[in-house]
Amino acid sequence: MSFKQKFGARLFEVRKKNNEKQKELAELLGVGDTQISEIEHGNKTTTVEKLSIICRHYNVSADYLLGLTDDPKPHKRKKEE
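Calculation rules
- Residues numbered from 1 in each chain as written.
- Predicted model: local features only at pLDDT ≥ 70, side-chain atom pairs only at ≥ 80, totals over all residues.
- Heavy atoms only, no water.
- Core = buried A, V, L, I, M, F, W, Y, C linked by side-chain atoms within 4.5 Å.
- Buried < 20%, exposed > 50% of the residue type's maximum accessible area, 1.4 Å probe, protein only.
- Helix = DSSP H or I, 4+ residues; strand = E, 2+ residues; numbered from the N terminus.
- Contact = heavy atoms within 4.5 Å.
- Salt bridge = Lys/Arg side-chain N within 4 Å of Asp/Glu carboxyl O.

Asks: What exactly am I supposed to notice about the nonpolar core here?
Replies: Considering soluble globular proteins, one finds that nonpolar side chains tend to be buried as a cluster. The biggest cluster of nonpolar side chains holds 16 residues, and the ones touching the most others in it are Leu 11, Val 14, Leu 25, Ile 54, Tyr 58 and Leu 65. Elements that contribute at least two residues to this core include exactly α1 (3-17), α2 (22-29), α3 (33-40), α4 (48-58) and α5 (62-65). Broken down by element, the residue count for this core peaks at four residues, all from α4. If sequence neighbours within four positions are ignored, Leu 11 has contacts with Leu 25, Ile 39, Glu 40, Ile 54, Tyr 58 and Leu 65.

Asks: Would you mind showing me how to read unusual backbone geometry here?
Replies: For residues other than glycine, phi is negative in most cases, and the peptide bonds are mostly trans. Positioned with a positive phi, Asn 19 is a non-glycine residue whose angle comes to about 50°. Within the fold, Asn 19 resides in the loop between α1 and α2. The class for Asn 19 is exposed, based on a relative accessible area of 69%. For Asn 59, which is not glycine, the phi dihedral falls at a positive 55°. Tracing the chain through its elements places Asn 59 in the loop between α4 and α5. Judged by its relative accessible area of 53%, Asn 59 is exposed.

Asks: Can you walk me through the pattern of salt bridges in this structure?
Replies: Working definition: two side chains of opposite charge can pair if their charged atoms are close together. Applying the stated criterion across every chain yields a total of two salt bridges. Notably, a salt bridge pairs Asp 70 with Arg 10, separated by 2.6 Å at the nearest N-O pair. Of this pair, Asp 70 sits in the segment after α5 while Arg 10 sits in helix α1, placing them 60 residues apart in sequence. Note on Asp 70: relative accessible area 63%, which makes it exposed.

Here you go:
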């Protein structure tokens, strides 16, 4: 499975788990719903800025979406002193 396919499959998984439609995610990201479809089918990717929005929106780690880990939980941030 290619990087794009893995990212798309995981995005599809978390979107469905959150009972959200492609159109809703597209509106959040400021893109067309066809772009979400293209990403989920492994044909396109997204920007780092949009990846960050997706991670915060679904509370998953970028490492998980990118296929670098199988743990979807985001790392806890240390509080700044």
